[in-house]
Structure formats: C-alpha cells, structure tokens
Amino acid sequence: MTEINESSDRLDRSERLMEQQIINTADLTQQIKEISVQIKAQATFHDRFEQSLSATKQLIESNAKAIAASSTSIEDERKAIKELRRTIRESRLDNLDRHREHQRSNALYDSLEDLHEDIKEIGRKIGRQNPPA
C-alpha cells in the first residue's frame, strides 16, 4: 500500500511539474513574440538609420560641390563653409541621436540573448527533473 501511495505522490508531483512547465512555456512564448516584434522594429530603425547616413553623406557632398562651384570670392567661400559647418553640426547631432537609439536597440538585443539563455537553462532543469522514461 505504501508503494501505491509513493507512486501516487510521484505522479501528482510530475503532474504539477508538467502543469508548471506548460505555464512557463506559454509565458516564454509570449515573451519571445514580444521581443520578436521589438527586433523587427529595431531592424526598421537600422534601415532608416542607414538611409539617413546615406542622405547625410549626399548632403555633405552636395555642399562640397556647391562650395567648389561658388564664386571664388573669399566672402562667398566663407559663407559656404559656414553653411557646410552648420550642416555637419546638424548631421552630427542627428547621428548622435541615432547612435543613442542604436545603443538602446543593442541593449534590447542583449536582453533577448539573456532570455534565450534563460530558456535553455529552464529546458535543462526540466530535463533533469523529468528524465526520459
């Protein structure tokens, strides 16, 4: 009779562990879906960042050509250089903002990697608690 009780207790514990595993798996699946959406947003951000960098480069090249094509008078060249410097400052500020956003995106990616490691560890723990029969 004791063996039946022990066997019943083990079965109950196994059922509770399986129920908890199902709950944990559902929670992790939801977290993965949420992070997947965030990663897609990050990819979109990176694409826009690259486009912005390209546009900035074209703007700087255009300003450089405008300076070269402008009149040779010193005053005109000084004005063009001031405008180019202003454009470069604005571009740098924009790029600094984008860089900060990129760093935030990298932190999100790091969080995803940490979550992935946590999921693998939970799987290993569950595997140790419920070895194959």
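Data block above holds the structure.
First things first, this report covers the structure right here in the doc. Note that the structure is predicted; figures quoted are calculated from it, not measured.

1. Focus: the packing of aromatic side chains
Alright, step 1. Going through the model one piece at a time under the given rule, you end up with one aromatic pair.
Alright, step 2. With a centroid separation of 6.0 Å and 25 degrees between ring planes, the pair formed by Phe45 and Phe49 is classed as stacked. Here Phe45 pairs with Phe49, and both are found in helix α1 (residues 2-69), just four residues apart, close to one helical turn.
Alright, step 3. With relative accessibility at 15%, the residue Phe49 sits in the buried group.

2. Describing a negative patch on the surface
Alright, step 1. A cluster of acidic side chains, namely Glu3, Glu6, Asp9, Asp12, Glu15 and Glu19, defines a negative patch on the protein surface.
Alright, step 2. Structurally, Glu15 is set in helix α1.

3. Notes on the environment of Asn106
Alright, step 1. Within the fold, Asn106 resides in helix α2 (residues 74-129).
Alright, step 2. Given the relative accessible area of 32%, Asn106 is considered partly exposed.

4. Section: the pattern of salt bridges
Alright, step 1. This model, assessed by the stated rule, comprises six salt bridges.
Alright, step 2. Across the pair Asp97 and Arg100 runs a salt bridge, and its minimum N-O distance is 3.1 Å. Here Arg100 and Asp97 lie together in helix α2, a separation of three residues that amounts to about one turn.
Alright, step 3. In this structure, a network of salt bridges that share partners links the residues Glu83, Arg86 and Glu90.

5. Things to note about α1
Alright, step 1. If you check α1, its first and last C-alpha atoms are 98 Å apart, about what 68 residues at 1.5 Å a residue would give, namely 100 Å.
Alright, step 2. All of the buried residues along α1 are Leu28, Ile35, Gln42, Phe45, Phe49, Ser52, Thr56, Asn63 and Ile67.

6. Considerations on the side chain of Thr87
Alright, step 1. Among the secondary structure elements, Thr87 is positioned in helix α2.
Alright, step 2. You can call Thr87 buried: its relative accessible area is 5%.
Alright, step 3. The residues touching Thr87, leaving out its near neighbours within four places in the chain, are Leu59 and Asn63.

7. A closer look at the environment of Ser105
Alright, step 1. Assignment of secondary structure puts Ser105 in helix α2.
Alright, step 2. Of the residues examined, Ser105 reaches a relative accessible area of 7% and is grouped as buried.
Alright, step 3. For the pair Ser105 and Phe45, spaced 60 residues apart in sequence, the C-alpha separation works out to 8.8 Å.
Alright, step 4. Apart from residues lying up to four places away in sequence, Ser105 is in contact with Gln42, Phe45 and His46.

Reading the values: the criteria
Note on numbering: residues in each chain are counted from 1, in written sequence order. Two thresholds apply to this predicted model, a pLDDT of at least 70 for residue-level local features and 80 or more for giving and counting side-chain atom pairs, whereas whole-chain, interface and lining totals are computed over all residues. Only hydrogens and water are set aside; all other atoms, that is, all heavy atoms of the structure, feed into the side-chain values. Planes of paired rings set the category: under 30 degrees apart is stacked, over 60 is edge-to-face and the rest tilted, where pairs are Phe, Tyr or Trp rings (Trp by its six-membered ring) whose centres lie within 6.5 Å. The numbering of helices and of strands both runs from the N terminus, where a helix is a DSSP run of H or I of at least 4 residues and a strand a run of E of at least 2. Buried, partly exposed and exposed residues are distinguished by accessible area as a fraction of the type maximum, computed with a 1.4 Å probe on protein chains only: under 20%, between the cut-offs, and over 50%, respectively. A patch consists of residues exposed above 30% relative accessible area that lack any salt bridge, with like charges linked at up to 9 Å and nonpolar side chains (Val, Leu, Ile, Met, Phe, Trp, Tyr) linked at up to 5 Å. Surface accessibility follows the Shrake-Rupley procedure with a 1.4 Å probe radius. Residue values consider only the protein chains on display as shielding. A side-chain nitrogen of Lys or Arg and a carboxyl oxygen of Asp or Glu constitute a salt bridge if their distance falls within 4 Å. Residues scored as positive are Lys and Arg, those scored as negative are Asp and Glu, and His as well as the terminal groups of each chain are ignored. For charged residues, the charge sits on one atom: NZ in Lys, CZ in Arg, CG in Asp, CD in Glu. Each helix should span, by expectation, one fewer than its residue count multiplied by 1.5 Å. Contacts are residue-level and defined by heavy atoms, with any inter-residue pair within 4.5 Å sufficient.

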